[in-house]
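# Fold and contact review
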Amino acid sequence: MSEITIQNLSRRNFLQGAAGLTLGVCLPLSAQATFVLPDAARIEPNKRFEPNAFLRIGTDNSITVISKHLEMGQGTYTGLATIVAEELDADWASVRIEGAPADASRYNNLLWGPAQGTGGSTAMANSWMQLRKAGASARAMLVAAAARQWQVPVAEITVAEGVVRHAASKRKARFGELALAAANEPVPESVSLKDLKNFRLIGKHVPRKDSAAKTDGSAQFTQDVQLPGMLVALVAHSPRFGGKVASFDDSVARQIAGVVDVVQIPQGVAVLARDTWSAKKGRDALTVQWDDSAAFKLGSDEILASYRELAKQPGAVARRDGDAETAFASAAKVVRASYDFPYLAHAAMEPMNCVMQLSSDGCEVWNGEQFQTGDQYALASVFGLKPDQVKLNMLFAGGSFGRRANIHSDYLIETAHIVKAIGGRAPVKLVWMREDDMRAGYFRPAFHHVLEAALDAKGTLTGWRHRLVGQSIMAGSAFEAMMVKNGVDHTSVEGASSLPYAIPNLTVDLHTPKDIKVPVLWWRSVGSSHTAYSTETFLDEVARAAGKDSVALRLDLLAKHPRHAGVLRLAAEKAGWGKPLAAGKKGEKRGRGVAVHESFHSYIAQVAEVTVRADGSLKVDRIVCAVDCGIAINPHNIVAQVEGSVGFALSALLRGEITLKAGVVQQSNFHDYSLLRLDEMPKVEVHIVPSAEPPTGIGEPGVPPVAPAVANAIAAATGKRIYRLPLAGQDLRG
Amino acid sequence: MITLNINGKQRALDVAPDTPLLWALRDGAQLTGTKYSCGMSLCGACTVHVDGAAVRSCSTPVSTVVGKRIRTIEAADADKVGQAVQAAWRKLDVVQCGYCQSGQIMGAISLLQKTRKPTDAQIDEALQGNLCRCATYVRVRAAVHEAAKQLGV
């Protein structure tokens with residue numbers, strides 16, 4: 001990439017203030033900004049400043065980057081600040097990060113149109129040029145201010161580590177010293193961005209900015225917010241989706257010390273108390289009769305059985321290439337398999353929670369806020385406010401994996417109804433116990449897939465049919481009309497309809513059952529969490545049937561997809577694909593398996609090595625990963641995200657399953673929805689493909705290839721193919 | 001009122017005797033670094049030290065810890081072991097969402113106080129009850145080794 005010049009679209013609408021320079025892109029004049037400090041205290045906007053979009057430079061040399069995206073573990077805060085600091089040539093140690101307020105006019109996700117929110121592994125991808133320009137503009141203005149003060153040409157000025165220098169006159173100034181003068185400089189019409197080779201932070205090991213606060217207990221999560229007079233609310237929820245309160249007896253609950261009030265809300269019965277433990281005792285002392293007349297009452301076995309029936313008929317077409325029917329009619333060999341995928345809970349370590357306060361001018365929320373625009377509309381609707389009267393303070397989220405970006409704003413609306421029911425007389429912290437969180441729905445939808453492959457006499461893959469059955473995430477949301485086309489919710493089929501392999505005759509179709517009322521949602525990697533498994537294990541089975549090597553067959557079919565092929569070759573090479581695997585102990589069988597998948601425009605191949613012990617138990621020994629996510633902004637974090645994705649995916653593969661009986665979720669806590677443990681974590685090696693492509697996501701793409709790579713390794717070890725997830729309870733010995 | 005010795009200070013807390021130590025710390029003493037996640041000793045996010053031993057504060061009634069020394073993440077840096085663990089965690093950028101990390105760190109400090117140079121198997125045994133949904137496990141293990149190295153034997 002050469003030096004590029006871009007047009008800066010910023011309006012000149014920042015003012016000189018008493019304490020520094022305020023900068024941004026497309027700043028509205030009237031917006032009020034409130035930022036959350038690490039100690040959860042709030043500062044009022046300095047009236048002498050325009051509220052800024054992404055950057056504030058203080059006279060004390062502090063550099064404050066405003067993050068429009070949620071930090072939920074994926075490293076966004078550090079990554080976004082790195083982009084700004086790179087173009088600004090800031091001293092990294094002086095950089096701090098604040099969460100942005102809800103204001104889609106400044107902080108919309110550029111890949112989501114007018115909406116503000118975090119998800120789909122888009123934070124870096126959509127912010128890349130936006131924040132480079134923000135940093136470069138500020139740098140240019142600091143340089144211009146120095147040139148004016150020192151009466152030297154701009155071209156003779158250099159900037160490094162937060163210091164502006166003019167070598168010939170031996171003058172220098174820290175950013176803070178120039179901040180006020182820079183605020184008087186015009187916003188440059190265009191700015192030059194750095195050539196990749198000149199990056200000092202991007203691509204280097206930049207430590208996480210949130211490490212200190214997250215290792216001394218000071219990091220503020222929603223769970224930690226305390227407001228004067230705040231009441232803690234726990235809710236008795238219907239055991240079934242769609243159940244309503246018929247009647248309840250709160251006489252015992254009201255006698256518990258600390259309990260202040262009990263209110264009925266559409267979601268159940270809420271107990272409000274002065275502290276969490278009193279609220280829990282009060283909630284547990286309620287007797288509630290539920291009206292299940294409109295509740296959903298099927299079990300997950302019945303749901304999947306109905307899906308298998310549906311799969312016998314053609315569905316809505318998501319993709320059709322060539323003529324699959326003819327290919328199958330003339331096939332020398334047909335391979336067929338079907339797959340069952342369970343519901344999965346996100347089970348973030350911080351159960352869902354929310355703090356909300358009503359005031360004369362609106363509603364204020366403290367939340368691990370992932371979908372600002374949707375939540376503003378939803379809460380405005382409950383309270384009869386305008387969306388911009390809903391002020392959202394974005395705190396750290398103790399994990400999310402998609403759960404906090406809820407297109408139905410479930411737990412926020414629940415909090416709003418409690419606040420409304422008490423007439424807004426106190427701030428309320430809604431706390432879900434683990435059991436509430438586990439049973440609240442918004443699961444990764446259960447799916448049934450059927451795959452068929454047609455091979456000709458030479459073993460060439462001539463036809464592919466993939467049918468999927470499962471609930472739509474978008475159905476019933478405000479986004480249904482936009483996101484569901486011709487009966488196909490893209491999130492149901494992504495990864496299947498985008499199959500990269502060169503197969504001339506291919507059909508992907510989908511059934512979306514409308515009568516299953518289990519709330520569903522995206523779960524880290526969304527559709528690819530199941531489509532990568534079925535496509536990559538099935539292709540492996542096809543390779544065996546055709547007598548071909550799993551890597552060689554894939555490479556043959558990926559000629560037009562160099563990035564897929566690139567990561568596949570790299571992972572295979574690093575894993576020693578084709579070389580014999582060291583033998584296990586007596587009675588153990590070892591195997592190696594591969595999978596490659598693109599999601600969110602990032603490409604990842606993984607080679608798994610497993611041991612199946614004599615008793616049929618599984619040990620995942622090592623996973624070698626090759627990643628192409630464009631320019632690696634923070635390689636250390638990319639490695640961390642892929643390591644974490646491996647563990648997250650293994651939890652689901654090994655044991656992850658939410659089941660229902662007569663509509664009631666059977667799991668409640670970590671004893672029956674158990675997560676991967678330290679002793680089960682395999683060795684993970686991550687290799688990053690050097691790239692000059694724009695950066696893409698890394699929070700999710702590491703997840704999809706894990707389960708198929710491990711399943712293919714099990715098949716290589718024992719011959720056993722896995723058609724139903726999770727592995728728990730299945731004999732892997734072949 | 002119950003008086004507890006928390007991080008070297010006597011704290012009088014207005015909580016019921018059956019209140020789990022977790023909620024007494026969080027809602028009573030305003031020490032929110034110790035986290036709630038399961039409430040049943042299943043995940044380790046609420047790990048604190050009581051008389052030097054790692055315990056799950058979510059399942060420990062306050063009435064059972066009166067007169068005992070309680071140490072939370074807020075006092076993790078009170079000794080060399082704690083400082084070494086925090087430094088190692090920061091050096092290796094262990095944290096992701098961070099919600100379980102107070103418990104991981106208190107578990108690691110407890111391990112290193114007893115076992116100055118733990119093996120992988122000893123780390124597994126000591127910390128396998130500390131769940132991390134972000135699966136930072138590779139780095140948790142590496143950071144315990146790093147802290148041990150910094151402490152010397």
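About the thresholds
- In this convention, every chain numbers its residues from 1, walking through the sequence in written order.
- Just so you know, chain letters begin at A and ligand numbers begin at 1, following the order they were written in.
- Owing to the predicted nature of the model, reporting of local features is limited to residues with pLDDT of at least 70; listing and counting of side-chain atom pairs is limited to 80 or more, with chain, interface and lining totals taken over all residues.
- The way it works is that DSSP assigns letters per residue, a run of H or I at least four long becomes a helix, a run of E at least two long becomes a strand, and they are numbered from the N terminus.
- Each residue is classified by how many other C-beta atoms fall within 10 Å of its C-beta atom, where C-beta atoms are placed from the backbone; a count of 20 or more means buried, 12 or fewer means exposed, and values in between mean partly exposed.
- It is over C-alpha atoms that the radius of gyration is taken, and the globule rule equals 2.2 Å times the number of residues to the power 0.38.
- In this description, any two residues whose backbone-derived C-beta atoms lie within 7 Å of each other are considered to be in contact.
- Residue ranges assigned to each domain were obtained from an automatic or database domain assignment.
- Residues are grouped as follows: nonpolar covers Ala, Val, Leu, Ile, Met, Phe, Trp, Tyr, Cys and Pro; charged covers Asp, Glu, Lys and Arg; every other residue, Gly included, is treated as polar.
- Strand pairing is assigned whenever DSSP detects at least two bridges linking the two strands.
- To obtain an axis, a line is fitted to C-alpha atoms, over the contacting stretch when the element is a helix, and the angle between two such axes runs from 0 to 180 degrees between their N-to-C directions.
- For this entry, the nonpolar core is defined as buried Ala, Val, Leu, Ile, Met, Phe, Trp, Tyr and Cys residues connected by C-beta atoms within 7 Å.
- pLDDT expresses, on a scale from 0 to 100, how confident the predictor is about each individual residue.
- A helix is expected to span 1.5 Å for every residue after the first.
- Oblique is the label for any angle not under 35 degrees, not over 145, and not in the 65 to 115 range, which are roughly parallel, roughly antiparallel and roughly perpendicular in turn.
- The handedness criterion is simple: a crossing whose near helix is rotated anticlockwise from the far helix by less than a right angle is left-handed, and one whose near helix is rotated clockwise is right-handed.

### Brief notes about the overall build of chain A
Across its full length, chain A carries 18 helices and 33 strands. By the burial criterion, 55% of the 734 residues in chain A qualify as buried.

### Brief notes about the overall build of chain B
A tally of regular secondary structure across chain B gives five helices and five strands. Each helix and strand of chain B, ordered N terminal to C terminal, gives the series β-β-α-β-β-β-α-α-α-α. Since a compact globule built from 153 residues should have a radius of gyration of about 15 Å, the 15 Å found for chain B is in line with a globular shape. Counting the 153 residues in chain B, one finds 62% classified as buried. Considering only contacts in chain B between residues 6 or more positions apart, those separated by 24 or more positions represent 61%.

### Structural notes on the domain arrangement of chain A
All names here are of chain A. Per the domain assignment, the segments making up chain A are domain 1 (4–198), domain 2 (222–293 + 352–431) and domain 3 (300–343 + 444–718). Here the C-alpha centroids of domain 1 and domain 3 sit 40 Å apart. In this complex, domain 1 contributes 13 residues to the contact, which on the side of domain 3 involves 17 residues. Elements with a contribution of two residues or more to the side of domain 1 that touches domain 3: helix 1 (76–88) and helix 3 (123–150). At four residues, the largest contribution of residues to the side of domain 1 that touches domain 3 is made by helix 1. Residues belonging to the side of domain 1 that touches domain 3 are distributed by class as follows: five nonpolar, eight polar and no charged.

### Re the sheet that holds strand 12 (residues 231–237) of chain A
Backbone hydrogen bonds are what pair the strands of a sheet, in a parallel or an antiparallel way. Residue and element names in this part refer to chain A. Strand order in the open sheet formed by seven strands is 14-15-12-22-19-20-21, and the pairing between neighbours is mixed. Two strands bound the open sheet, and with one partner strand each, they are strand 14 (259–265) and strand 21 (390–394). The mean inter-strand angle of the sheet, taken between neighbouring strand axes irrespective of direction, is 25 degrees. Two elements, strand 14 and strand 15 (residues 268–273), share six bridges in a ladder whose sense is antiparallel. Across the sheet, residue V259 finds its bridge partner in strand 15, namely A273. Helix 9 (residues 372–383) contacts strand 20 (362–367) and strand 21 of the sheet and is inclined by roughly 140 degrees relative to strand 21.

### Digging into the nonpolar core
Residue and element names in this part refer to chain A. Of all hydrophobic cores here, the largest spans 269 residues; its most connected members are V84, A233, V271, V710 and I714. Considering each element in turn, this core owes the most residues, 14 residues, to helix 3. Those residues in contact with V84 that lie beyond four places of it in its chain are F54, L55, V65, L131, A134 and G135.

### Considerations on the confidence of the model for chain B
The pLDDT averaged across chain B works out to 97; a share of 99% of its residues lies at or above 70. In the predicted assembly, ipTM is 0.99 and pTM is 0.94.

### Focus: helix 17 (residues 635–655) of chain A
Residue pairs three or four apart in sequence face the same way in an α-helix, which turns once every 3.6 residues. Spanning 21 residues, helix 17 of chain A covers 30 Å between terminal C-alpha atoms, matching the ideal 30 Å at 1.5 Å per step. Burial within helix 17 of chain A is extensive, with 17 of its 21 residues counted as buried.

### Let's talk about the interface of chain B and chain A
When the parts of a complex come together, some accessible area is lost, and that lost area is often used as the size of the interface. Opposite the 46 residues of chain B that make contact, chain A presents 49 residues. Listed by contribution, the elements that provide at least two residues to the side of chain B that touches chain A are helix 1 (21–28), helix 2 (80–91), helix 3 (101–114), helix 4 (120–127) and helix 5 (137–151) of chain B. It is helix 5 of chain B that contributes the most residues to the side of chain B that touches chain A, four residues altogether.

### As for the domain arrangement of chain B
Residues and elements named next belong to chain B. By the assigned domains, chain B splits into domain 1 (2–74) and domain 2 (76–151). A straight line from the C-alpha centre of domain 1 to that of domain 2 covers 20 Å. Counting from both sides, the interface comprises 15 residues of domain 1 and, opposite them, 14 residues of domain 2. Those elements that provide at least two residues to the side of domain 1 that touches domain 2 are strand 3 (47–50) and strand 4 (53–56). Among the elements that line the side of domain 1 that touches domain 2, the one with the most residues is strand 3, at three residues. A per-class count over the side of domain 1 that touches domain 2 returns seven nonpolar, six polar and two charged.

### Quick look at the confidence of the model for chain A
Of the residues in chain A, 93% reach a pLDDT of 70 or more, and the chain-wide mean stands at 92. Under a pLDDT of 50 for its full length, residues 1–51 of chain A has, in the predicted model, 122 contacts with residues more than four places off or in other chains.

### Considering the packing of helix 3 of chain B against helix 5 of chain B
All names here are of chain B. Closest axis-to-axis distance for the helix 3/helix 5 pair is 11 Å, and the angle between their directions is 40 degrees. For the element pair helix 3 / helix 5, the angle class is oblique. In terms of crossing hand, the pair formed by helix 3 and helix 5 is right-handed. Contact with helix 3, carried on its side by Q104, A108, L111 and L112, involves V140, V144, A147, A148 and L151 of helix 5 and no other residues of that element. Residues of the contact of helix 3 with helix 5, tallied by class, amount to eight nonpolar, one polar and no charged.

### Quick notes on the packing of helix 3 of chain A against helix 4 (residues 175–182) of chain A
All names here are of chain A. At their nearest, the axes of helix 3 and helix 4 sit 9 Å apart, and the two run at 85 degrees to each other. In terms of orientation, helix 3 and helix 4 fall into the roughly perpendicular class. In contact with M141, L142, A145, A146 and Q149 of helix 3, helix 4 contributes F175, L178, A181 and A182. Taken together, the residues of the contact of helix 3 with helix 4 break down into eight nonpolar, one polar and no charged.

### Some points on helix 16 (residues 562–575) of chain A
Residues and elements named next belong to chain A. Along its 14 residues, helix 16 runs 20 Å from first to last C-alpha, staying within 8% of the 20 Å computed at 1.5 Å per residue. Along helix 16, the residues classified as buried are R563, H564, A565, V567, L568, R569, A571, A572 and A575. Buried residues along helix 16 sit against helix 15 (550–557), strand 28 (589–599), strand 29 (602–612) and strand 30 (618–628). Phi for G576, located one or two positions after helix 16, is positive at around 70 degrees.

### A short note on the sheet that holds strand 27 (residues 505–511) of chain A
Residue and element names in this part refer to chain A. Ordered by their spatial adjacency, five strands build an open sheet running 17-27-24-23-18, and the pairing between neighbours is mixed. Where the open sheet ends on each side, the last strands, each with one partner, are strand 17 (316–321) and strand 18 (333–341). With direction set aside, neighbouring strand axes in the sheet form an average angle of 10 degrees. Here strand 18 pairs with strand 23 (residues 447–455) via nine bridges, running antiparallel. Considered in strand 23, the bridge of V335 is made with A453.

### So, the environment of G699 of chain A
Residues and elements named next belong to chain A. Here G699 is to be found in the loop between strand 33 (683–688) and helix 18 (706–718). Here the alpha-carbon distance between G699 and R524, two residues 175 residues apart in the chain, equals 8.0 Å. Excluding residues that lie within four positions of it along the chain, G699 makes contacts with Q74, S121 and Q641.

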